[in-house]
Amino acid sequence: MFAQTLFRKRCTSWLLATGIFLMLSSCAEPPSELERIQEEGVLRVITRNSPSTYFQDRNGKTGFEYELVKRFAGHLGVELQIETADSIEDIFSRLNRPGGPALAAAGLVASESRNQLARFTRPYLETTTQVVYRLGQRRPTRIEDLVGKRILVLRGSSQAEKLQALQAEYPELSYEESDAVEAVDLLRMVDEGQIDLTLVESNELAMNQVYFTNARAAFDLEDENSLSWILPKGEDESLLNAANEFLDEARRNGTLQRLHERYYGHVDVLGYVGAYSFAKHLQQRLPRYEKAFRETARAHGIDWRLLAAIGYQESHWLPDATSKTGVRGLMMLTLRTAKAMGVSNRLDPVQSIQGGGKYLVKVHASLPDSVLEPDRTWFALAAYNVGGGHLEDARKLAEAEGLDPNKWLDVKQMLPRLAQKQWYSKTRYGYARGGEPVHFVANIRRYYDILTWVTQPQMEGQQLVQSDIHIPGIQAEDLSENLPPL
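In this numbering scheme, every chain counts its residues from 1 along its sequence in written order. Given that this is a predicted model, residues contribute local features only at a pLDDT of at least 70 and side-chain atom pairs are listed and counted only at 80 or more, while totals for whole chains, interfaces and linings are drawn from all residues. Hydrogens are left out, water is left out, and the side-chain values use all remaining heavy atoms of the structure.

A. Fine view of the packing of aromatic side chains. Only rings of Phe, Tyr and Trp enter the pairing, Trp through its six-membered ring, and a pair is recorded when the two centres are within 6.5 Å. The plane angle decides the type: under 30 degrees is stacked, over 60 is edge-to-face, the rest tilted. For the structure shown, the criterion picks out 14 aromatic pairs. Taken together, a centroid distance of 5.4 Å and an interplanar angle of 40 degrees make the contact between Phe72 and Trp229 tilted. Note that Phe72 is positioned in helix 3 (residues 64-76) and Trp229 in strand 11 (residues 215-232), a separation of 157 residues in sequence. Categorising residues by exposure relies on relative accessible area from a 1.4 Å probe, with only protein chains included: less than 20% of the type maximum marks a residue as buried, more than 50% marks it as exposed, and the intermediate range marks it as partly exposed. A residue is classified by how much of its surface remains accessible, and Phe72, at 0% relative accessible area, is buried. Residues Tyr384 and Phe440 carry aromatic rings whose centres are separated by 6.3 Å and whose planes lie at 15 degrees to one another, so their mutual orientation is stacked. Of this pair, Tyr384 sits in helix 16 (residues 375-386) while Phe440 sits in helix 20 (residues 435-454), and the two are 56 residues apart along the sequence. Comparing Tyr384 with Phe440 shows no difference in burial state: the two are buried. By definition, any uninterrupted DSSP run of H or I lasting at least four residues is a helix, any uninterrupted run of E lasting at least two residues is a strand, and each is numbered from the N terminus.

B. Region of interest: unusual backbone geometry. With an omega of 0 degrees, the peptide bond running from Glu373 to Pro374 counts as cis. For Pro374, the location among the structural elements is in the loop between helix 15 (349-366) and helix 16. For His316, which is not a glycine, the phi torsion comes out positive at approximately 55 degrees. Among the structural elements, His316 can be located in the loop between helix 13 (304-315) and helix 14 (335-340). Backbone geometry places Trp317, a non-glycine residue, at a positive phi of 60 degrees. Relative to the helices and strands, Trp317 is located in the loop between helix 13 and helix 14.

C. Helix 4 (residues 88-95), seen in detail. When you tally the buried positions in helix 4, you get six out of eight residues, the bulk of the element. By the burial criterion, the buried members of helix 4 are Ile88, Asp90, Ile91, Phe92, Arg94 and Leu95. Measuring from the backbone nitrogen of Asp90 back to the side-chain oxygen at the start of helix 4 gives 3.1 Å, which picks out Ser87 as the cap. Polar contacts, as counted here, are pairs of nitrogen or oxygen atoms within 3.5 Å of one another; within protein the pair requires one atom able to donate a hydrogen and one able to accept it, and residues that are adjacent in sequence qualify only if both atoms are side-chain atoms.

D. Main features of the packing of helix 13 against helix 15. Their axes nearest at 11 Å, the elements helix 13 and helix 15 cross at an angle of 110 degrees. Here helix 13 lies roughly perpendicular to helix 15, going by the angle between them. In this structure, the crossing between helix 13 and helix 15 has a hand that is right-handed. Contacts from Leu306, Leu307 and Ile310 in helix 13 reach Ile353, Gly356, Gly357 and Leu360 in helix 15. Per-class residue counts for the contact of helix 13 with helix 15 are five nonpolar, two polar and no charged. Note on definitions: angles span 0 to 180 degrees between N-to-C directions of axes, and those axes are lines fitted to C-alpha atoms, for helices only across the stretch in contact. Orientation is classified from the angle alone, with under 35 degrees giving roughly parallel, over 145 giving roughly antiparallel, 65 to 115 giving roughly perpendicular, and any other angle giving oblique. Handedness of a helix crossing follows the sense of rotation of the near helix relative to the far helix, less than a right angle counterclockwise being left-handed and clockwise being right-handed. Whether two residues are in contact is decided by their heavy atoms, any of which lying within 4.5 Å being enough. Residue classes follow a fixed rule: Ala, Val, Leu, Ile, Met, Phe, Trp, Tyr, Cys and Pro count as nonpolar, while Asp, Glu, Lys and Arg count as charged, and any other residue, Gly among them, counts as polar.

E. View of the side chain of His281. As for its placement among the helices and strands, His281 is situated in helix 11 (residues 271-284). Judged by relative accessible area, which is 7%, His281 ranks as buried. Here His281 is in contact with Leu286, Tyr312, His316 and Trp317, once residues within four sequence places are set aside.

The values reported here are purely geometric and, on their own, carry no functional implication.
See the structure below:
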């Protein structure tokens, strides 16, 4: 009897403890969105497949949005998982779907109507909406000039919202929306005359205009816009706060500035005339020397298109070019450099290309180990132009100013000082036309971008638009021969 009573007491105590435990467990706070992501170890992000956001080239995943959100995932200590949307509307739909992505990093503008659909982080890039027309047609300069034109924009875009708002004041204004295109397609359609006008953000036009030389900005529509990341609607602000803190720090520590320089800092250096000339010379001149560029690049393990970009910047691919200072040949080698590189005839294009490739690799290898890619390649190009000694002077000036001597973004600010006595008098190698290597590098980067674009037949499994600057001399099937850049 005593044993049964004791057993009942123990059971009662156990059941009571279990009940209390279950009650306490049910009252415990569920993990926040940020905690859940960190526990799972994955940040799911949805984006657009476009040159200004996210795409894959032969070197892998890239794009401004991708680079920025990848750093955010690293900041959280989790892996980044990218999803691409079929349309802008698809982004908002999937974002608010149960089990959907946690964040959208898609280069989208915050607006009042979109605030009803989702939450926006602090802005990280300022843009303006631009009306784009075809060169040779009458340039629109005001809203009234849009009436009666064939206008196409992205479905669900902020540009479509603005046009819809304008219709209240201009009822005769008409436009179409499509989710079967991206901004790059719209610019091509304007360039080819398939439509009269489109509206895109200024960063998208700046990045792509060189490929579509007839597509031009007519005028800006309203004030600046802010690009932000987007989160689903909800009360949990843990991930939103973490994203805002990250973006604030990225602005303070220069990450945003460096990414902007990397993707947009050299996109507007050519202008219309330069872009048109380059497109023409791609057809007329490059095919004569492409084999030499490829073979030289293969011998040194570099990208032939980078070597070709240097050749165009130096001579516009003219083998008998001569500068005012006596530098000669397609790769513009000095007599001393040519001799050191084993070039006996600087006017022989093959010898000049071989010498230029050999010299570039030599300069690249001579840089300090602390300079990493991609800055190392830009430094090598600057040294190719102005000399390693002057480049080192600029690096020391940068360090003295509290800047990073291993970052091109910082050092290129110092190079023009080498032409000012108050600065070059303090350096080891003295005066140099320091502004020239800055333009030299910017131009080559742009030429290299174009060459990469026209030789890249696919992007994320989609066929790229074939334009007039895609020439027989650059065959898509030869891509397997391309080697990694420096």
